[in-house]
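# Fold and contact review
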Amino acid sequence: MQYLISFNEYFSILKIKNDGAIENFHFKSPVFPAFLFKTISIDSENIFFGSKNGFIRLYDLKKKKKNFDFYLPEKNIDTFEVKKTNKLYISAQSSISVWEKIKIDKWKKKTEVECKDKFHILNFLKNTKIMISATKNKKSLFLWNTSKKKILFVGKSELNEKISTIKSSVHSNFFAVSSKNQNISIFDNNGLKTCSFSLKKNYKNSQHLSDTHLNWFDSKTIISGGQEKKIFIWDIRKKKKIICLPGHIDEIENIESHGKYFQSNLNHFISSGKKGTLKLWDIRKNKEIFTIYRPKEKINSLDSYQ
């Protein structure tokens, strides 16, 4: 298992070998000017590097060369996501564009839809054509059908709270939404809420509304973290906290498990804090097993691949 960590001007790869040994490698950013806000891997060699200034670079890590640059002139990119390694969805200033792979170094823009809102979050439901979009700190969830050549709007759900993060499960057609009120809600592929539970009793020192970040570990378990500087692991069937992992020295901003590469024998996940702290955890042993501390750096995103 390997984890991809993006800082402003460089990125790191954290590799966990089969024997449990851990290796950590650092690389300079292949994007110039070097401000990485998000990185996503297709595989162990090809990685998307996103820059806020209107372009995304697909880079071959092994050959140390760019494969393709995606330009959006005069637009700031809000987020992007990869679907099945051959489609790239880019949200930029109230529009969503879709790029399709012809070959690894040749991509073509297939369609673009103008939206009333700009979206900071894009997610895809497993084995469906449904895409979810949302704007941070707003209350609306938008559902889109991506099966046709065009992106079609199919529905909208309104929450009672402002959205922090959204993560779809790789095990089922459900997705989880965390709110600034420290609540987590589970939705089905029709945008209907199936259950929700509150994290508030775990945030006793909270003086203000703050983001809660989350990710799925498996179909029954969610990992969350935020301003309390602790990792909480939840059984969503019982709506109950089962593990609390202290250790972070700052507010938690990102959590990544084994994501789309789920295997039942994988026991690790990583989390990063606001002031450059990254921790690798073993959920089986309920403890951290590796730490990176770079207080002068900001960790912008986390991803995983095999």
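Above this note sits the structure.
Residues numbered from 1 in each chain as written. Predicted model: local features only at pLDDT ≥ 70, side-chain atom pairs only at ≥ 80, totals over all residues. Heavy atoms only, no water.

## What to know about the packing of aromatic side chains
- A full pass over the atoms with the stated rule returns 21 aromatic pairs.
- Residues F37 and F80 carry aromatic rings whose centres are separated by 6.0 Å and whose planes lie at 85° to one another, so their mutual orientation is edge-to-face. With F37 in strand β4 (residues 36-41) and F80 in strand β8 (residues 77-83), this residue pair connects regions lying 43 residues apart in the sequence. With respect to class, F37 is no different from F80; both count as buried.
- Taken together through their ring pairs, the aromatic side chains of F48, F68, F70, W99 and W107 make up a single cluster.
- Just above the ring of F80 sits the side chain of K38; from NZ or CZ to the centre is 5.4 Å. (Phe/Tyr/Trp six-rings, centres within 6.5 Å; stacked < 30°, edge-to-face > 60°. Helix = DSSP H or I, 4+ residues; strand = E, 2+ residues; numbered from the N terminus. Buried < 20%, exposed > 50% of the residue type's maximum accessible area, 1.4 Å probe, protein only. Lys NZ or Arg CZ within 6 Å of the ring centre and 35° of its normal.)

## As for the nonpolar core
- By size, the foremost hydrophobic cluster in this structure holds 17 residues, and its most contacted members are F48, I56, F70, F80, L88, I90 and W107.
- The set of elements that each furnish at least two residues to this core consists of β4, β6 (55-60), β7 (65-71), β8 and β9 (87-92).
- With 14 residues, the next largest nonpolar core counts I5, F7, L278 and I299 among its residues. (Core = buried A, V, L, I, M, F, W, Y, C linked by side-chain atoms within 4.5 Å.)

## So, the sheet that holds strand β23 (residues 240-246)
- Taken in spatial order, the four strands line up as β20-β21-β22-β23 in an open sheet, and their pairing is antiparallel. Looking along the sheet, the strands with just one partner apiece sit at the ends: β20 (213-218) and β23. Sheet twist, expressed as the average angle between the axes of neighbouring strands with direction ignored, equals 25°.
- In the sheet, strand β21 (residues 221-225) pairs with strand β22 (residues 230-235) via five bridges, with the strands oriented antiparallel. Note on β22: the bridge partner recorded for G225 is I231. (Pairing = 2+ DSSP bridges. Axes fitted to C-alpha atoms, helices over the stretch in contact; angles between N-to-C directions.)

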